[in-house]
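Chain and residue survey
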Amino acid sequence: MNPPGGPVEKDTTTSVPAVGGDGGADSAPAAGTPAADTRENGKRYEHTREADVWEADVWEELVTSALLGTDRRTPAALSAVAGADRPGTLLDAVALHTVRRRAGLRPGPAAAPPEPAPEDPRGPLPGAARRRLDQLLAGRTAPSPAGRRGAAPDLAELLPQWLALADERGYRAPAAALPALLDAARARSDLRPQALRLAGPRGLWLARLNPEWRFALRGAGAGGSLPAPDDREGVRALWDEGLFAERVALLTAVRTEDPAAGLALLASTWSAERAEDRLMFLDSLRTGLSDADEPFLEAALGDRSRNVRATAAELLSALPASALAGRMAGRAVSCVGLDRTAEFPTITVEAPHECDTAMQRDGLTATPPAGRGERSWWLGQLVEAAPLSCWPPRFGGRGPEEIVALPVADDWQGELHAAWCRAAVRQRDADWSRALLGSPATPPATGPGTSSLAERAQLLSTLPPQERALWVASFIAAHGLSEAFQLLGVCAVPWAGPLGGAVIDALDIARDAGSYPWSFSGVMGLAERCLAPEAARQLEALTARPDEAEDTAPGAGGYWSEAFQRLVSTLRLRAAMRAELTEPPTTPEPGAPSVPAHP
């Protein structure tokens, strides 16, 4: 395109025509270090850095005029143009300068290529499992259907199970699936440990290239980001220089392998840590907690942070032989004992009248929550922190069941039993948990220890898995599913034997009662994830639509049929997932053997 006034030479020159200029000296930029030889309107000038500044000024002037209007702001280049023609001439000038700006862009320096992705020595997924992972990751982002769920399985809820199975078998994630896998872990924090383990070192390599995936570089489960516990130099370097989440994960890993080394690592920087960091680090000592930790925890009772002191006291109270446990036992037995004057053996309670400085140093909080009395609040904390082994001698050698069955005077039973429940959970004492749980057939409101389902779930967690499942199965058989959701949540997966049968029978009874299935949506969701896949055969008979009686809810039979179909299809899909992950890999992973070095 030739500018007004003459042709532009095509050899080594760069054309920088003026807009609406007259070809005079004012049309050219000032001279400087030459970068290109340019002729315009027959006048030669050098294309310099000053020319770039001049071009930017002209562009800014044109943009300002376009925003404000040519009547309010007329560019110098259009000053000689008639007012009616200025808008069209302005658009022509903008078009010309747009082409000039695009053509004049200079390439920037090339970025250094990333390091090649590290090798992952784990085996590739079998072909069917690889395709299943793609399906589950795609289902995670699929829009949820409006209204009824239908009979199709919820793929998003199956992804955690698939990841757990793949991790158990030591597979690595396909290279092509890493972006979607990292996106899934970013969206759901509960997926992160398993997803990052599957992603492995390649996932970490990729996460460094995308700021949205930087979460993968922090904390536990980062697939090799932590040094081995026996790598003293690596452990020391990360402890001194790492991010907070990395340090917490490192301390937990070291404590798992060598509790003494973990304690020494924490003690080396304890006095220099922030209060909120000390609290999290101290909580990591739950891993491998033993009597060897008592001196450090006893010293932490004097920490300036109240939360740190409370956590140290809680950990010490979980050590029955600790000095703090002994002090708490002495205080607790002075408040609770047998009333020797009563006609029948009765527990009498005399709650503390004050919370002195020594009690507060040992972890008691002096100020109760709103609605709680001070004395009952102090009593509950004392009994909770006292070792449960102090009570049989206090009650004449009686065992936990006999103690729990004793009447408690002056309406202190609820407070006392609730504190014993918390103590049994903290000290992981199965005998006291059994006594406080009582018979599963007993109505919750009249149980020997507690009427709270949340407390019962915590007590159940201290029992062996098989005993736990049998207790919950008996509870469901006696009381149905309406109060069993929290109890089912602490049962080992998969639900098989009596527990699985009890859940299926209770669902069948609920259907026959004429209610809608969404009244049990929580249990149905758990059943889809937790029932043994073999239960699909037993459930098959329930997928048929039953005849509806006159006293049943309208359409309930169809909804139940759909819900059971979804449950059956989900169980079968889980069985297929497990089978696919046990197949030997028959085809190489696409893109194998390594991730390309340049994305």
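Quantities reported herein were computed from a predicted structural model and do not represent experimental measurements.

The rules behind each value
Residues numbered from 1 in each chain as written. Predicted model: local features only at pLDDT ≥ 70, side-chain atom pairs only at ≥ 80, totals over all residues. Heavy atoms only, no water. Helix = DSSP H or I, 4+ residues; strand = E, 2+ residues; numbered from the N terminus. Buried < 20%, exposed > 50% of the residue type's maximum accessible area, 1.4 Å probe, protein only. Contact = heavy atoms within 4.5 Å. Areas by Shrake-Rupley, 256 points an atom, 1.4 Å probe, with all protein chains shown as cover. Core = buried A, V, L, I, M, F, W, Y, C linked by side-chain atoms within 4.5 Å. Salt bridge = Lys/Arg side-chain N within 4 Å of Asp/Glu carboxyl O. Phe/Tyr/Trp six-rings, centres within 6.5 Å; stacked < 30°, edge-to-face > 60°. Lys NZ or Arg CZ within 6 Å of the ring centre and 35° of its normal. Patch = residues over 30% accessible without salt bridge, like charges linked within 9 Å, V, L, I, M, F, W, Y side chains within 5 Å. Lys, Arg positive; Asp, Glu negative; His and termini not counted. Charge placed at Lys NZ, Arg CZ, Asp CG, Glu CD. Axes fitted to C-alpha atoms, helices over the stretch in contact; angles between N-to-C directions. Parallel < 35°, antiparallel > 145°, perpendicular 65-115°, else oblique. Left-handed = near helix turned anticlockwise from the far one by under 90°. Nonpolar A, V, L, I, M, F, W, Y, C, P; charged D, E, K, R; others polar. pLDDT = per-residue confidence, 0-100. Disulfide = S-S within 2.5 Å.

**Brief notes about the overall build of the protein**
Tallying secondary structure elements over the protein gives 26 helices and 4 strands in all. Scored against the burial criterion, the 599 residues of the protein give a buried share of 45%. Partitioning the intrachain contacts of the protein with sequence separation of at least 6 by distance along the chain shows that 67% fall at a separation of at least 24. As displayed, the protein offers around 29,900 Å² of accessible surface, 54% of which is attributable to carbon and sulfur atoms.

**Quick word on the environment of Pro-126**
Following the sequence through the fold, Pro-126 ends up in the loop between α2 (86-103) and α3 (127-141). Classification of Pro-126 by relative accessible area gives buried; the value is 1%. When the C-alpha positions of Pro-126 and Thr-582 are compared, they lie 8.1 Å apart, and in sequence the two are 456 residues distant.

**Regarding the environment of Leu-324**
By the element assignment, Leu-324 lies in helix α13 (residues 323-335). Of the residues examined, Leu-324 reaches a relative accessible area of 0% and is grouped as buried. When the C-alpha atoms of Leu-324 and Ala-386 are compared, they prove to be 8.7 Å apart, with 62 residues separating the residues in sequence. If we ignore the near neighbours within four places in the chain, the residues touching Leu-324 are Glu-298, Leu-301, Ala-313, Leu-316, Ser-317 and Asp-362.

**Examining the nonpolar core**
Formed by 107 residues in total, the largest nonpolar core has its most connected members in Val-336, Trp-391, Trp-420, Ile-476, Leu-488, Trp-495 and Leu-499. The residues touching Leu-488, leaving out its near neighbours within four places in the chain, are Val-472, Ile-476, Trp-495, Leu-499, Val-503, Val-523 and Leu-526. In terms of nonpolar packing, the next biggest core, distinct from the first, is built from 37 residues, Trp-162, Leu-163, Ala-185 and Leu-206 among them.

**Points about the pattern of salt bridges**
What the rule picks out here adds up to 30 salt bridges. In this structure, Arg-361 and Glu-298 form a salt bridge, with 3.5 Å as the shortest nitrogen-oxygen distance. With Arg-361 in helix α14 (residues 357-361) and Glu-298 in helix α11 (residues 294-300), this pair connects stretches of sequence that are 63 residues apart. Judged by its relative accessible area of 35%, Arg-361 falls in the partly exposed class. With a closest N to O distance of 3.1 Å, Arg-566 and Glu-528 form a salt bridge. Placement of the pair is Arg-566 in helix α26 (residues 556-582) and Glu-528 in helix α24 (residues 521-530), with a sequence separation of 38 residues. By relative accessible area, which is 9% here, Arg-566 ends up buried. Residue class for Glu-528 comes out buried when judged on its relative accessible area of 5%. Each of Glu-298, Arg-327, Arg-331, Arg-361 and Asp-362 takes part in one network of salt bridges that share partners.

**A closer look at the packing of aromatic side chains**
Across all of its chains, the model carries 12 aromatic pairs by this definition. Judged by centre distance (4.6 Å) and plane angle (10°), the ring pair of Tyr-516 and Trp-518 falls under stacked. Under the relative-accessibility criterion, Tyr-516 is labelled partly exposed at 22%. Ring geometry for Phe-520 versus Trp-560: centroids 6.2 Å apart, planes at 40°, classification tilted. Of this pair, Phe-520 sits in the loop between α23 (497-512) and α24 while Trp-560 is found in helix α26, placing the two residues 40 residues apart along the sequence. We classify Phe-520 as buried; its relative accessible area is 16%. A relative accessible area of 0% means that Trp-560 is categorised as buried. Following the ring pairs from residue to residue traces out a cluster consisting of Trp-391, Phe-395, Trp-420 and Trp-432. Its end group placed over the ring of Phe-215, Arg-192 keeps NZ or CZ at 4.5 Å from the ring centre. For Arg-247, the ring lying beneath its charged end belongs to Trp-239, and the centroid distance is 4.2 Å.

**Quick look at a negative patch on the surface**
On the surface, Asp-230, Asp-231, Glu-233, Glu-257 and Asp-258 cluster together into a patch of negative charge. Locating Asp-258 in the fold gives a position in the loop between α8 (244-257) and α9 (259-269).

**Points about the packing of α13 against helix α15 (residues 374-385)**
Helix-helix packing is described using two parameters, namely the angle between the two axes and the distance between the axes. Orientation of α13 relative to α15, taken along the N-to-C sense of each, is 125°, at an axis distance of 8 Å. Viewed along their axes, α13 and α15 adopt a mutual orientation that is oblique. For α13 against α15, the interelement crossing comes out left-handed. Two secondary-structure elements touch here, α13 through Met-328, Arg-331, Ala-332 and Cys-335 and α15 through Leu-379, Leu-382 and Ala-385. Residues that form the contact of α13 with α15 fall into these classes: 6 nonpolar, no polar and 1 charged.

**Side note on the packing of α8 against α9**
Between α8 and α9, the shortest axis-to-axis distance is 5 Å and the interhelical angle comes to 145°. Together, Arg-247, Leu-250, Leu-251, Val-254, Arg-255 and Glu-257 of α8 and Pro-259, Ala-261, Gly-262, Leu-263, Leu-265, Leu-266 and Thr-269 of α9 make up the contact between the two elements. Tallied by class, the residues present in the contact of α8 with α9 amount to 8 nonpolar, 2 polar and 3 charged.

**Thoughts on unusual backbone geometry**
Residues Val-493 and Pro-494 are joined by a peptide bond in cis, for which omega reads 0°. Position of Pro-494 relative to the elements: it lies in the loop between α22 (485-488) and α23. At Asp-411, a residue that is not glycine, the phi angle is positive and equals roughly 60°. Mapped onto the secondary structure, Asp-411 falls in the loop between α17 (400-405) and α18 (413-426). With relative accessibility at 79%, the residue Asp-411 sits in the exposed group.

**Topic: the side chain of Ser-65**
With respect to the element layout, Ser-65 can be found in helix α1 (residues 49-68). What makes Ser-65 buried here is its relative accessible area of 1%. If near-sequence neighbours (up to four positions away) are discounted, Ser-65 is found in contact with Thr-70, Arg-73, Pro-75 and Leu-90.

**Here's the deal with the confidence of the model for the protein**
Averaged over all residues, the pLDDT of the protein is 83; the fraction at 70 or higher stands at 83%. The low-confidence segment residues 591-599 (pLDDT under 50) makes 17 contacts with residues lying over four places distant or belonging to another chain.

**Description of the state of the cysteines**
Under the definition given, this model contains 0 disulfides. Cysteine Cys-530 remains unbridged, with the sulfur of Cys-491 as its closest cysteine sulfur at 9.0 Å. For Cys-530, a relative accessible area of 10% corresponds to the buried category.

**Section: the environment of Trp-391**
Mapped onto the secondary structure, Trp-391 falls in helix α16 (residues 391-394). Sequence spacing of Trp-391 and Gly-337 is 54 residues, and the spatial spacing of their C-alpha atoms is 8.8 Å. The contacts of Trp-391, once residues within four sequence positions are left out, are Ala-332, Val-333, Val-336, Val-383, Ile-403, Trp-420 and Trp-432.

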